[in-house]
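For reference, the chains in residue letters:
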Protein chains: 2
Amino acid sequence: MLSTMQDAPLSITRILEQGSGPHGASAQVITWTGEGSRRRSYADVGRRAAQLAHALRGLGVTGDQRVGTFMWNNAEHLEAYLAVPAMGAVLHTLNIRLFPEQLVYVANHAEDEVVLVDATLVPLFSTMLPELRTVRHVVVVGGDAAALEAPQGIEVHGYEELLAGQPTEFPWPELDERSAAAMCYTSGTTANPKGVVYSHRSIYLHSMQVCMTDGMALSQADRALAIVPMFHAMSWGLPYAALMVGASIIMPDRFLQPEPLVRMIADERPTMAAAVPTIWQGVLKHLADDPHDVSSLREVVVGGAACPPSLMKTFEQQYGIPVVHAWGMTETSPLGSVARPPAGVTGERVWEYRASQGRLPAGVQARLVGDGGQVLPWDGQSVGELEVRGPWVTASYYGDADPEKFHDGWLRTGDVGHISPDGFLRLTDRAKDVIKSGGEWISSVELENKVMDHPAVAEAMVIGVPDEKWSERPLVAVVLRDGEQVDPAELRDFLAGSVAKWQLPEYWTFIPEAPKTSVGKFDKKRLRQQHADGELDVTRLG
Amino acid sequence: MLSTMQDAPLSITRILEQGSGPHGASAQVITWTGEGSRRRSYADVGRRAAQLAHALRGLGVTGDQRVGTFMWNNAEHLEAYLAVPAMGAVLHTLNIRLFPEQLVYVANHAEDEVVLVDATLVPLFSTMLPELRTVRHVVVVGGDAAALEAPQGIEVHGYEELLAGQPTEFPWPELDERSAAAMCYTSGTTANPKGVVYSHRSIYLHSMQVCMTDGMALSQADRALAIVPMFHAMSWGLPYAALMVGASIIMPDRFLQPEPLVRMIADERPTMAAAVPTIWQGVLKHLADDPHDVSSLREVVVGGAACPPSLMKTFEQQYGIPVVHAWGMTETSPLGSVARPPAGVTGERVWEYRASQGRLPAGVQARLVGDGGQVLPWDGQSVGELEVRGPWVTASYYGDADPEKFHDGWLRTGDVGHISPDGFLRLTDRAKDVIKSGGEWISSVELENKVMDHPAVAEAMVIGVPDEKWSERPLVAVVLRDGEQVDPAELRDFLAGSVAKWQLPEYWTFIPEAPKTSVGKFDKKRLRQQHADGELDVTRLG
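Because the structure is predicted, anything quoted here is derived from the model rather than measured.

Draft legend 1. Spotlight on the overall build of chain A. When you go through chain A residue by residue, the secondary structure sums to 15 helices and 28 strands. Compactness check: chain A gives a C-alpha radius of gyration of 24 Å against a globular reference of 24 Å for 542 residues, within 12% of the reference. With respect to the three principal axes, the spread of C-alpha positions in chain A is 80 × 60 × 60 Å. Burial status across chain A gives 61% buried among its 542 residues. Across chain A, the fraction of contacts at a sequence separation of at least 24, relative to all contacts at a separation of at least 6, is 66%. Carbon and sulfur atoms make up 49% of the accessible area of chain A, which totals about 20300 Å². Positive and negative side-chain charges in chain A, numbering 46 and 67 respectively, have mean positions lying 3 Å apart.

Draft legend 2. The arrangement of unusual backbone geometry in detail. Serine 333 of chain A connects to proline 334 of chain A through a cis peptide bond whose omega is 15°. Here proline 334 of chain A is to be found in the loop between strand 14 (323-328) and strand 15 (335-338). The phi dihedral of tryptophan 236 of chain B is positive, around 55°, even though this residue is not glycine. As for its placement among the helices and strands, tryptophan 236 of chain B is situated in the loop between strand 10 (223-226) and helix 8 (238-245). Of the residues examined, tryptophan 236 of chain B reaches a relative accessible area of 8% and is grouped as buried. Notably, serine 471 of chain B is not glycine yet its phi reads approximately 75°, a positive angle. Residue classification places serine 471 of chain B among the partly exposed positions, given a relative accessible area of 47%.

Draft legend 3. A look at the sheet that holds strand 27 (residues 507-510) of chain A. All names here are of chain A. What the 4 strands build is an open sheet, ordered 25-26-27-28; its pairing is mixed. Each edge of the open sheet carries a strand with a single partner, namely strand 25 (457-467) and strand 28 (539-540). Where strand 26 (residues 471-480) meets strand 27, 4 bridges bridge the pair, whose relative direction is parallel. When the sheet's bridge partners are listed, leucine 475 is paired in strand 27 with tyrosine 507. Helix-sheet contacts for helix 14 (residues 488-496) involve strand 25, strand 26, strand 27 and strand 28, and the interaxial angle to strand 27 is about 120°.

Draft legend 4. Structural view of the nonpolar core. Within the largest apolar cluster, 188 residues are counted, with the highest numbers of intra-cluster contacts made by Leu78, Leu116 and Leu218 of chain A together with Leu78, Leu116 and Leu218 of chain B. Excluding its chain neighbours within four sequence positions, the residues that come into contact with leucine 218 of chain B are Thr213 of chain A together with Val210, Cys211, Ala224, Leu238, Ala241, Ala242, Val245, Ala247, Met272 and Arg298 of chain B.

Draft legend 5. Quick look at the pattern of salt bridges. Applying the stated criterion across every chain, the model contains 76 salt bridges over all chains. Where arginine 66 of chain A meets aspartate 64 of chain A, a salt bridge forms, and the shortest distance between an N and an O atom there is 3.9 Å. Exposure remark for aspartate 64 of chain A: the relative accessible area of 30% places this residue in the partly exposed category. Beyond isolated ion pairs, a larger network of salt bridges with shared partners links Asp7, Glu177, Arg178 and Arg201 of chain A together with Asp7, Glu177, Arg178 and Arg201 of chain B.

Draft legend 6. Examining the sheet that holds strand 9 (residues 195-199) of chain B more closely. Residues and elements named next belong to chain B. On the basis of which strands lie adjacent, the open sheet formed by 7 strands has the order 7-6-5-3-4-8-9 and mixed pairing. Pairing within the sheet leaves two strands with one partner each, and these edge strands are strand 7 (155-158) and strand 9. Strand-to-strand twist of the sheet, defined as the mean angle between neighbouring strand axes without regard to direction, takes the value 25°. Running over the sheet, helix 3 (residues 75-86) touches strand 3 (66-70), strand 4 (90-93), strand 5 (112-118), strand 6 (137-141) and strand 8 (180-185) and is turned about 145° from strand 4. Across the sheet, helix 7 (residues 200-211) lies against strand 8 and strand 9, angled at about 75° from strand 9, the strand it touches most.

Draft legend 7. The arrangement of the side chain of arginine 201 of chain B in detail. Looking at where arginine 201 of chain B falls in the secondary structure, it is placed in helix 7. Only 3.0 Å separates the side chain of arginine 201 of chain B from the backbone oxygen of alanine 8 of chain A, close enough to count as a polar contact. Polar side-chain contacts of arginine 201 of chain B include one of 2.7 Å to the side chain of glutamate 177 of chain A. In contact with arginine 201 of chain B, not counting residues within four places along its chain, are Ala8, Pro9, Leu10, Glu177 and Arg201 of chain A together with Leu10, Glu177, Arg178 and Pro391 of chain B.

Draft legend 8. Representation of the relation of the copies chain A and chain B within the structure. Mapping chain A onto chain B calls for a rotation angle of 180° and an axial translation of 0.0 Å; the resulting RMSD is 0.0 Å. What the superposition gives is, in effect, a two-fold axis relating one chain to the other. Taking C-alpha positions as the reference, the residue of chain A nearest the rotation axis is methionine 212 of chain A, at 2.0 Å. When the interface residues of chain A are mapped onto chain B, 100% of them again lie at the interface, so the same face is used by both copies.

Draft legend 9. Molecular detail of the confidence of the model for chain A. When pLDDT is averaged along chain A, the result is 95; 99% of the residues meet or exceed 70. Predicted complex, confidence summary: ipTM 0.93, pTM 0.93.

Draft legend 10. Quick look at the interface of chain A and chain B. In this complex, chain A contributes 75 residues to the contact, which on the side of chain B involves 75 residues. Taken together, both faces of the contact between chain A and chain B bury some 5400 Å²; the carbon and sulfur share is 54%. In this assembly, chain A and chain B are joined by 4 salt bridges. The salt bridge involving aspartate 7 of chain B is made with arginine 178 of chain A; its shortest N-O contact spans 2.4 Å. Within the residue set of the side of chain A that touches chain B, elements represented by two or more residues are helix 1 (12-20), strand 8 (180-185), strand 9 (195-199), helix 7 (200-211), helix 8 (238-245), strand 19 (384-389) and strand 21 (410-419) of chain A. Element by element, the count of residues in the side of chain A that touches chain B is highest for helix 7 of chain A, at 7 residues.

Draft legend 11. The arrangement of the state of the cysteines in detail. Counted by the stated rule, this structure contains 0 disulfides over all chains. We note that cysteine 184 of chain A lacks a disulfide partner, and the nearest cysteine sulfur, in cysteine 211 of chain A, lies 20 Å from it.

Draft legend 12. Structural context of the environment of valine 476 of chain A. All names here are of chain A. Note that valine 476 resides in strand 26. As for valine 476 and lysine 436, which are separated by 40 residues in sequence, their C-alpha atoms are 15 Å apart. In this structure, valine 476 is in contact with Val451, Ala460, Met461, Val462, Pro505, Tyr507, Trp508 and Thr509, ignoring residues within four places of it in sequence.

Draft legend 13. Structural context of the packing of aromatic side chains. Within this structure, the stated rule accounts for 16 aromatic pairs over all chains. Ring centres of tyrosine 353 of chain A and phenylalanine 424 of chain A lie 4.7 Å apart, and the angle between their planes is 70°; this geometry places the pair in the edge-to-face category. Of this pair, tyrosine 353 of chain A sits in helix 12 (residues 349-354) while phenylalanine 424 of chain A is found in strand 22 (residues 424-430), placing the two residues 71 residues apart along the sequence. Centre to centre, the rings of tryptophan 280 of chain B and phenylalanine 315 of chain B are 5.5 Å apart; their planes meet at 85°, and the pair counts as edge-to-face. Placement of the pair is tryptophan 280 of chain B in helix 10 (residues 277-289) and phenylalanine 315 of chain B in helix 11 (residues 309-319), with a sequence separation of 35 residues. This pair shows no difference in class: tryptophan 280 of chain B is buried, exactly as phenylalanine 315 of chain B is. Chaining the aromatic ring pairs together yields one cluster made of Trp280, Phe315 and Tyr319 of chain A. For the cation-ring pair, lysine 313 of chain B lies above tryptophan 351 of chain B, with the distance from its terminal atom to the ring centre recorded as 5.0 Å.

Draft legend 14. A look at the domain arrangement of chain A. All names here are of chain A. Entries for chain A in the domain assignment read domain 1 (12-23 + 35-199), domain 2 (329-430) and domain 3 (435-540). With centres defined by C-alpha atoms, the gap from domain 2 to domain 3 works out at 26 Å. Contacts between domain 2 and domain 3 engage 9 residues on the former and 7 residues on the latter. Here domain 2 packs against domain 3, burying approximately 540 Å² in sum over the two surfaces, 51% of which is carbon and sulfur. For domain 2, the biggest contributors to the area lost against domain 3 are Asp371, Thr428 and Asp429; these three give 79% of the whole. Residue lysine 436 pairs with aspartate 371 through a salt bridge whose shortest N-O separation is 3.5 Å. Partitioned by chemical class, the residues of the side of domain 2 that touches domain 3 number 3 nonpolar, 3 polar and 3 charged.

Rules behind the numbers
- Residues numbered from 1 in each chain as written.
- Chains lettered and ligands numbered in written order.
- Predicted model: local features only at pLDDT ≥ 70, side-chain atom pairs only at ≥ 80, totals over all residues.
- Heavy atoms only, no water.
- Helix = DSSP H or I, 4+ residues; strand = E, 2+ residues; numbered from the N terminus.
- Rg over C-alpha atoms; globule rule 2.2 N^0.38 Å.
- Buried < 20%, exposed > 50% of the residue type's maximum accessible area, 1.4 Å probe, protein only.
- Contact = heavy atoms within 4.5 Å.
- Areas by Shrake-Rupley, 256 points an atom, 1.4 Å probe, with all protein chains shown as cover.
- Lys, Arg positive; Asp, Glu negative; His and termini not counted.
- Charge placed at Lys NZ, Arg CZ, Asp CG, Glu CD.
- Pairing = 2+ DSSP bridges.
- Axes fitted to C-alpha atoms, helices over the stretch in contact; angles between N-to-C directions.
- Core = buried A, V, L, I, M, F, W, Y, C linked by side-chain atoms within 4.5 Å.
- Salt bridge = Lys/Arg side-chain N within 4 Å of Asp/Glu carboxyl O.
- Polar contact = N/O pair within 3.5 Å; in protein donor to acceptor, adjacent residues only side chain to side chain.
- Least-squares fit on C-alpha atoms with pLDDT ≥ 70 in both.
- pLDDT = per-residue confidence, 0-100.
- Buried area = accessible area lost by both parts, 1.4 Å probe.
- Disulfide = S-S within 2.5 Å.
- Phe/Tyr/Trp six-rings, centres within 6.5 Å; stacked < 30°, edge-to-face > 60°.
- Lys NZ or Arg CZ within 6 Å of the ring centre and 35° of its normal.
- Domains from an automatic or database assignment.
- Nonpolar A, V, L, I, M, F, W, Y, C, P; charged D, E, K, R; others polar.

Put into structure tokens, the structure is as follows:
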């Protein structure tokens, strides 16, 4: 039996119309300039998005060509977010923090034909431009287009010059909601970046989730400070969600240091903000030395990495601002789970929930899979790899099979943890870092944290190393604090109080510093290589 | 270019799994029994929904057969809400307040094969049963099945007996999100009721909208009191939304009088509640005489008819509970608009927004169409018929063409009003009641309200009557207060202060009482008939 309901597509066009129409006069995009802010109403954003669409048509973007952006969070980036998908083309947000060879790879792999580049990023972009095989037009935003010397065959345009004189309305086409709207590559450390192609449908549904009270609760009353970059998992969905409900959005442009962020908060009075833990750590530290009024924030959302509970407690106790932990990944649009404690939970028990990765909403189905492929119960104890599926979860990578990541309709997240009966996810490790010892799993992250509790230890990294009897056993690489001295046996005794006996590491080594990735995470791949190459001086305890 | 996102269907099955899984232990359906409450965890609801699905399979519901419900709001009705659509069949909520001949029409038109009937409604249902041509099974809920004497060929079952011993898990099928999930007939006063068939997709999207902060803001922390019947526009979407996010739901069963409602609120401490204005009027009146603690309510939602601002103000000023006005219809699932004032609006101006029908969200596109078919601007003044479209708006009626209601992909709502530039809808009349005078529209409702402001007037009804010069002119039918006397000229002078000169009615009549429909609204159709039959004694002012 057929339903009688309309077949109305879920589309970014509706988000654009809603934001720039009824919310056009009241809501604004506010871009920090270093000294202060420039403001643009959503009505103007809508008109300029129409002009941009006309301009892009003029540059030959007539179908689903990819339009790249190499930009900070600012008003013009928001215009591209709206115009490109709504005209039927595909927005490709280039992550400026990738290594240059990765950036060249992704722009060529996505076949970007036009790239919008912030003037301040032109020097960085210029070095790669000669290697971009499909780019025909570069549009320089917020600066002098003449400053960019382009190779033969590539035209350079100024953004404002391109928009000037274009009509401020555009006949937005009716689009299939499953068509491509935007793409974003993950910054994999072990292989080439992988592309995720969001659809109009997935972005629309994800925007609704962001605005749900148990999501980020975004509403027309909000002023959202989008610190998380628009080139990183679509700024966690804030730009589209803000347009959908008419929340104003505050964009820090390139001013991501604690000092300007704090000033921006005091001046522009955001009601919510989203960023990774390191940003908030810097903000807190700065606030301690240089107090500002941050009381406008009803809450801040933190994700992208596990957030230390101490950071959450400081924020709440000193400034009265709840820090809401969330989990997600590029492959999940990204909102996967949000850590709001269940109603009725009080006192210290609240922190068990708030420190977790959060509860998975109806839109994100999850299961835990153990070593042998068996599906594990949600008992808060059984540890397995998290797999997810749902309407805003990717089913594959763009032009890249990667059968390792997908099976039976599920995405393997590469995260390992457990889920409580009430649906709260607690991640304990990355799948590739977990140590598989005699059929049991040992979390490298938990061991690292316990070792780092020792006063002589500055940093500790744990990797699995081959072991004849147990298949794998943990190796601990310790960086001592300056002037401290301690031996492995003492460290193991220190662990014995809080770690199960069978998990106690026998392999230890001391290293002068911990190898790290470009984003400051422990580079365990390199440590494994050093171990394989025999570069580490390993002690084996009896 | 294809998106890489999963093609995961939006379905009631996901809502059922989310509610009965992670929220299964914490959230409950609470059903009022007259004396107190009975409680059932969502986990139990999920198990019993599986049992019901097995039982219905046993009764031959193997495909998209219609399963009717003739029930109050209670736990068993919720089980049917979940089991019937999730198993792939279609839930048909029979409106017990329709006239018996209308009920017979809709059950036959929908071809209901099984009907679940509350034991307390068996006497009412029995009178119609002999005329139901497609019903093969009747399931009596919460009472003695033997009390129902069924005609030859119809089997009668007890609900609990049917569920007993069935497996508590069901292999829910994967469903096309556009397939039929539930149907509801409108209670049209002018013709046969019309069926709206909701899809899994429309119900899922509508549930997200209910949980959006600018919607009804439903969250896991809520205890929602669903006063609006589950047979009336799906109880405004509360049951599905509650399961989606794990809010508890409180069901009044048949106890819809002010006294039990107030006791229920004091005992069960709902955080929000939804009902039509007359319910809240009764509650307020009862509270004045018999105070109870209603402070648990964070807000109440009112819709289904325009809510007098005085009611909203009393609720807020005496009890500190905001009343949120909402607009919708069976054809719109029903959530069409919600009247939350924009951020920054303060003082008396708040009431301009709160008394409106509210703001249309991204999911409900709207336009105003004038007499000649022209689309009118959103300027807060141009009055036209409201037309809407969107993913939870119906495109047609089930098995009933009605080309009058649908054109160019839009639903004609039959409501007349204007929309402000910031997207707030203000309805002034029903399209069929508006008076079309010399190309201009006169709101019958506004005239009625102005006439009723006169101290001698108890009630006033306004209809359009044929006029040679102006095509139509207003006729006012006045019911005087006991013992009062006033002549038409005086009433017209009274209006002259607040009504434009060209709108001042020249046709007046006095009637002993106002004809009303079964739900207590002015029956203008009957008044028009009386006028056409020459039954009214009309005065024409010069």
